[in-house]
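Residues per chain are reported as follows:
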Amino acid sequence: MDHAEENEILAASQRYCVERPIFSHLVLQERLHKKDKVSDSVGDKLKQAFTCTPKKIRNIIYMFLPITKWLPAYKFKEYVLGDLVSGISTGVLQLPQGLAFAMLAAVPPVFGLYSSFYPVIMYCFLGTSRHISIGPFAVISLMIGGVAVRLVPDDIVIPGGVNATNGTEARDALRVKVAMSVTLLSGIIQFCLGVCRFGFVAIYLTEPLVRGFTTAAAVHVFTSMLKYLFGVKTKRYSGIFSVVYSTVAVLQNVKNLNVCSLGVGLMVFGLLLGGKEFNERFKEKLPAPIPLEFFAVVMGTGISAGFNLQESYNVDVVGTLPLGLLPPANPDTSLFHLVYVDAIAIAIVGFSVTISMAKTLANKHGYQVDGNQELIALGLCNSIGSLFQTFSISCSLSRSLVQEGTGGKTQLAGCLASLMILLVILATGFLFESLPQAVLSAIVIVNLKGMFMQFSDLPFFWRTSKIELTIWLTTFVSSLFLGLDYGLITAVIIALLTVIYRTQTGVSPALIMGARRKAMKKYAKEVGNANMANATVVKMDAEVDGEEATKPEEDNEVKYPPIVIKSTFPEEVQRFMPPGDNIHTIILDFTQVNFIDSVGVKTLAGIVKEYGDVGIYVYLAGCSAQVVNDLTQNRFFENPALKELLFHSIHDAVLGSQLREALAEQEASALPPQEDSEPNATPEA
């Protein structure tokens, strides 16, 4: 027997036993040794708040510039090799994806390179995740492209008489202006949400909603890439039913497809699909995944240049990639009123995708990410990046997995990847000008495989939760046919409605009282005593209405709950009651409640009273001192007996309810048996 097994046996044989009374609030208060709390004056509090100390300055710097915290602790010998390999692997993947996702954003390919450089550098200083890869992402790029195409369609007439069909440069310049405006506004929204500590907004985008939305986005991306794969000239659509119009347009022009373009695209498609399967199967033996996308770009560029595919076979290519960085430019803020809905959707979706991947990788490697700081980082990356002609960015799922899987330890790997992009922008971009667009289309379609695999969620949710299945399907259908912006809004509304539906299917005191009325009516009808049934119903109605039916309503006075009414119900009537659980206590876990205001106190008082009227206790477990103080100040404990509903923990509340029921059974068994004469109404408390 080795040492580990001995430790397991020793741990299994140990017992941790605690014996103490059930701690209700009253019992616990009697045993506590209270200290007089001396509160600071207002002047002292203001002085403490505005005092500038080195520790405060350091914490503020750590908060807004996380790089100042992890860079000094960088373990060079342990991390440098992993970051180097990861940076190169991510960079060779970021190059083709940047070019391809620019096509989705409806802007010239070089702007995809700009978006792969500036935001990555800024996120290295501002972000809290060490492993995600920031840059163009298919879903966000498609949403940007939808706005650009809606405001600047293919057949727009440029002022001055130049038609966009013949003047693509002027049209593209306008689309870049729209993309910059949307990016700036979405960045401002993200930054403001982060400053206001609204990082929790991601919880409203549940996993079924996000997965259904991204699956629908994958279908949109797939249909928009078909025209580049087939080499046909079709109009790009946006808005409601755009996915249908795009598919129909491609099918109608399929007879005009470019065979050479399709052949090159299918060749790259097969290479990438088979290569990714090889990478997945032998990932344990490979030091790093084979950079298939980069090889596809090099091969496609070489074939296109060698055989002069553009001139000889009319194959569409990337075109001019101007060398150098563009000077900063001010986005057109006059477009904000036309794009604010899209900007809100892009800001929320971009943050949701980023924080979900960041938390997944952070949990895997044992560190924490700050949702609010991630919002600030994304906001600054987008808003400042828009000044340098970038479009909205987010976390790329495929690149993040590569950056983490190849040994990346910090965001220095992302910096190295961005420097590789900078090298292309400044020096080698012209080498990729003959790259066929069909190759980029194939790269995008292959990278959608992970999103299309989310269709396997359907049988899982069918087995586990029909409500989550409904959220997934409605999100997918609405996002597919209404467009990604209005589809997301519809999906959020539906998700909130499901929350309301779930809260309405709990134990309802009104339903319990209604069932009792019906049971008493049926019983009275059976024994032929209708007058007694009417009297019983009237009396039970009076119990439901309580003091509200007898006392006039006082102005702005809070109505506090009475003691719980434990009513006796004739056994003969039980057979008329619908089957259900015998619930006698509801325990509310208040451990995560920091405070409760007057509206919350009134709501809680109403809950305690409604359930008390049907004989169900409502216990509050784990209330903090602040919550108890709020309840006291709002006169929740005007009836002192209500303090017996508070318990130190959930376990104390459970034991307290069990003890109460046991004592009630003993008292009931000690009472002399009553004569079974006629059904009695529920007695008054």
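Residues numbered from 1 in each chain as written. Predicted model: local features only at pLDDT ≥ 70, side-chain atom pairs only at ≥ 80, totals over all residues. Heavy atoms only, no water.

Labelled according to an unreviewed UniProt entry, the protein appears under the name Solute carrier family 26 member 5, originating from Suricata suricatta. Database annotation for the protein, UniProt heading Subcellular location (unreviewed entry): "Membrane". (UniProt positions renumbered as here; feature names shortened; annotations may be inferred.)

Q: So what about the pattern of salt bridges? Which residues, and what values?
A: Tallying each qualifying case throughout the model produces 15 salt bridges. Note that Arg-211 and Asp-457 form a salt bridge whose closest N and O atoms lie 2.5 Å from each other. With a gap of 246 residues between them, Arg-211 in helix α11 (residues 207-230) and Asp-457 in helix α22 (residues 457-464) connect regions that are remote in the sequence. Judged by relative accessible area, Asp-457 falls into the buried class, the value being 10%. The shortest N-O distance in the salt bridge between Lys-283 and Glu-280 comes to 3.3 Å. Judged by its relative accessible area of 48%, Lys-283 is partly exposed. Its relative accessible area of 48% is what places Glu-280 among the partly exposed residues. Bridged by salt links that share partners, the residues Asp-154, Arg-171, Asp-172 and Arg-175 form one connected network. (Salt bridge = Lys/Arg side-chain N within 4 Å of Asp/Glu carboxyl O. Helix = DSSP H or I, 4+ residues; strand = E, 2+ residues; numbered from the N terminus. Buried < 20%, exposed > 50% of the residue type's maximum accessible area, 1.4 Å probe, protein only.)

Q: Could you give an account of helix α18 (residues 397-405), naming the residues involved and the relevant values?
A: Along α18, the residues classified as buried are Arg-399, Ser-400, Val-402, Gln-403 and Glu-404. Looking at the packing, one finds that the buried side of α18 touches α6 (76-104), β1 (134-135), α16 (336-365), β4 (394-395) and α19 (412-428). Just past α18, the residue Gly-407 takes up positive phi, approximately 100°. (Contact = heavy atoms within 4.5 Å.)

Q: I'd like a rundown of the environment of Gly-319, residues and numbers included.
A: Among the structural elements, Gly-319 can be located in the loop between α15 (309-313) and α16. Sequence separation between Gly-319 and Val-110 is 209 residues, and the spatial gap between their C-alpha atoms is 9.6 Å.

Q: Before we move on, can you summarise the sheet that holds strand β7 (residues 646-647) with the specific residues and values?
A: Read across the open sheet, the three strands follow the order β5-β6-β7; overall the sheet is parallel. The strands lining the two open edges of the sheet, one partner per strand, are β5 (585-589) and β7. Judged from the two bridges that link them, strand β6 (residues 617-621) and β7 form a sheet pairing that is parallel. Across the sheet, residue Leu-620 finds its bridge partner in β7, namely Leu-646. (Pairing = 2+ DSSP bridges.)

Q: I'd like to hear about the packing of α11 against helix α20 (residues 437-447), residue by residue, with values.
A: The interhelical angle for the contact between α11 and α20, taken along N-to-C directions, is 155°, at an axis separation of 8 Å. In this view, α11 runs roughly antiparallel relative to α20, as classed from their interaxial angle. In the packing of α11 onto α20, the handedness of the crossing is left-handed. Taken together, the residues of α20 that come into contact with α11 (itself represented by Val-221, Phe-222, Met-225, Tyr-228 and Leu-229) are Gln-437, Ala-438, Ser-441, Val-444 and Ile-445. Of the residues contributing to the contact of α11 with α20, the split by class is eight nonpolar, two polar and no charged. (Axes fitted to C-alpha atoms, helices over the stretch in contact; angles between N-to-C directions. Parallel < 35°, antiparallel > 145°, perpendicular 65-115°, else oblique. Left-handed = near helix turned anticlockwise from the far one by under 90°. Nonpolar A, V, L, I, M, F, W, Y, C, P; charged D, E, K, R; others polar.)

Q: Run through the UniProt feature "transmembrane region" (unreviewed entry) in the protein, naming residues and quoting values.
A: Taking the UniProt record as the reference, the feature "transmembrane region" (unreviewed entry) is found at residues 99-125, 132-152, 184-205, 212-230, 256-274, 335-358, 412-432 and 438-455. In the segment residues 412-432, helix accounts for 81% and strand for 0%; the C-alpha atoms at its two ends are 26 Å apart. A distance of 26 Å separates the end C-alpha atoms of residues 438-455, which is 78% helix and 0% strand.

Q: Please give an account of the packing of aromatic side chains that cites residues and values.
A: Any two aromatic rings considered together are summarised by their centre-to-centre distance and by the angle between their planes. The tally for this structure, following the rule as stated, stands at 16 aromatic pairs. Within the aromatic cluster, the residues linked to one another by ring pairs are Phe-117, Tyr-118 and Phe-388. Stacked on the ring of Trp-462, the Lys or Arg Lys-466 has its end atom at 4.6 Å from the ring centre. (Phe/Tyr/Trp six-rings, centres within 6.5 Å; stacked < 30°, edge-to-face > 60°. Lys NZ or Arg CZ within 6 Å of the ring centre and 35° of its normal.)

Q: Which residues make up a nonpolar patch on the surface, and what are the values?
A: On the surface, a cluster of nonpolar side chains totalling about 670 Å² of accessible area is made up of Ile-57, Ile-60, Ile-61, Tyr-62, Met-63, Phe-64, Leu-65 and Phe-125. Here Leu-65 lies in the loop between α4 (54-64) and α5 (67-70). According to the relative accessible area criterion, Leu-65 is partly exposed, its value standing at 35%. (Patch = residues over 30% accessible without salt bridge, like charges linked within 9 Å, V, L, I, M, F, W, Y side chains within 5 Å. Areas by Shrake-Rupley, 256 points an atom, 1.4 Å probe, with all protein chains shown as cover.)

Q: Break down the pairing of β6 for me, citing the residues and quoting the values.
A: Of all five residues in β6, five are buried; the element is thus mostly enclosed. Neither face of β6 is open: one carries Tyr-617, Tyr-619 and Ala-621, the other Val-618 and Leu-620, and all of them are buried. Where β5 meets β6, five bridges bridge the pair, whose relative direction is parallel. Paired with Ile-587 across the two strands is Tyr-619, which belongs to β6. You can see the chain leave β5, run along helix α27 (residues 598-613) and come back into β6, and the turn it takes is right-handed. Handedness of the crossover joining β6 and β7 through helix α28 (residues 625-633) is recorded here as right-handed. (Right-handed = clockwise from strand over helix to strand, strands pointing away.)

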